[in-house]
Amino acid sequence: MEIHSQTPNRRGFVAKLITLVLGAVALLVPAAVGIVAFLNPLRQKGRASRFIKLTSLATLPEDGTPRKFPVIADRTDAWNRFPNEPIGAVFLRRVGKDKVRALHVVCPHAGCSIVYDGSSGGGKFFCPCHAASFGLAGERLDKTSPSPRDMDTLEVEIRNGAEVWVKFRDFQTGTSKKVAQA
Ligand code: FES
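Residues numbered from 1 in each chain as written. Predicted model: local features only at pLDDT ≥ 70, side-chain atom pairs only at ≥ 80, totals over all residues. Heavy atoms only, no water.

(A) Geometry of the sheet that holds strand β7 (residues 132-134). If you trace the 3 strands from one edge of the open sheet to the other, you get β5-β6-β7, paired in antiparallel fashion. Each of the sheet's edge strands pairs with one partner strand only, and the pair in question is β5 (115-117) and β7. Each strand of the sheet is rotated relative to its neighbour by a mean of 35 degrees, with strand direction disregarded. Bridging between strand β6 (residues 124-127) and β7 involves 3 bridges; their strand directions are antiparallel. Looking at the pairing, C127 lines up with A132 of β7. (Pairing = 2+ DSSP bridges. Helix = DSSP H or I, 4+ residues; strand = E, 2+ residues; numbered from the N terminus. Axes fitted to C-alpha atoms, helices over the stretch in contact; angles between N-to-C directions.)

(B) Structural detail: the pattern of salt bridges. Evaluated as defined, the whole model comprises 6 salt bridges. With a shortest N-O distance of 3.5 Å, R75 and E85 are connected by a salt bridge. One end of the pair, R75, is in strand β2 (residues 67-76); the other, E85, is in strand β3 (residues 81-96), with 10 residues separating them in the sequence. A relative accessible area of 24% places E85 in the partly exposed class. Between R149 and D152 there is a salt bridge, with its nearest N and O atoms 2.8 Å apart. With relative accessibility at 5%, the residue R149 sits in the buried group. In this structure D152 comes out as buried when scored by relative accessible area, which is 3%. (Salt bridge = Lys/Arg side-chain N within 4 Å of Asp/Glu carboxyl O. Buried < 20%, exposed > 50% of the residue type's maximum accessible area, 1.4 Å probe, protein only.)

(C) Just the nonpolar core, in detail. In this structure, V90 and L92 are the most contacted members of the largest nonpolar core, which totals 17 residues. In this structure V90 touches L54, R67, K68, F69, V71, A102, L103, V105, L154 and F168, once residues within four positions along its chain are discounted. If you look at the next biggest cluster of nonpolar residues, it comprises 12 residues, including V105, C107, F125 and F134. (Core = buried A, V, L, I, M, F, W, Y, C linked by side-chain atoms within 4.5 Å. Contact = heavy atoms within 4.5 Å.)

(D) Looking closely at the confidence of the model for the protein. Within the protein, residue pLDDT values average 85, and 76% of them lie at 70 or more. Note that residues 1-5 has pLDDT below 50 and, in this model, 0 contacts with residues that lie over four places away or in other chains. Every residue in residues 32-46 scores below 50 in pLDDT, and together they form 16 contacts with partners more than four places removed in sequence or on other chains. (pLDDT = per-residue confidence, 0-100.)

(E) Region of interest: the packing of aromatic side chains. With the rule as written, the count across this model stands at 2 aromatic pairs. Measuring from ring centre to ring centre gives 4.7 Å for F91 and F125, while their planes differ by 45 degrees; the resulting arrangement is tilted. Of this pair, F91 sits in strand β3 while F125 sits in strand β6; the two residues are 34 residues apart in sequence, bridging distant segments of the chain. In terms of burial, F91 and F125 fall into one category: buried. Aromatic rings pair up to connect F91, Y116 and F125 into one cluster. Here the basic side chain of R159 rests over the ring of F51, its NZ or CZ set 5.0 Å away from the ring centre. The ring of W165 has R159 sitting right over it, with the charged end atom 4.3 Å from the ring centre. (Phe/Tyr/Trp six-rings, centres within 6.5 Å; stacked < 30°, edge-to-face > 60°. Lys NZ or Arg CZ within 6 Å of the ring centre and 35° of its normal.)

Structure below.
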């Protein structure tokens, strides 16, 4: 008789314990993911936007032909610092005596690298992955373009009269809005 009266109690206790543990796991997993993401130095330092010196005005053709430049910067992850690593690339185009425009080379559609095609007319940008075409200002040339937005512009500063500095950062792909990556 005693055995029959204790079994339901024990079952109830085990069920409560399992519910408690599952509840704790459900709460702790998102919290742990958030803490790891917050503390991960690669996310914080590797992707943060910053002005980087890319070249000098003299290297850019005065006729406005774009030139592609690698973006070199120090990169840091959780354990190491990697000095002078390539972290991306940018098209620079002179549009005035002291005026330069910068476009990110990554296609907003799915992240392929855009190339400059100088063979047609005044030149254009082209993404070889799904054939998206862009004008020299980065605007989509085709109404049915696979790219959901124009090429991503980047802020440019001319410092000390001739140095071209670009505020470099990456953006999310596959969305019509220009959203900087965290
Ligand atoms: S990745 Fe550029 S068009 Fe698809």
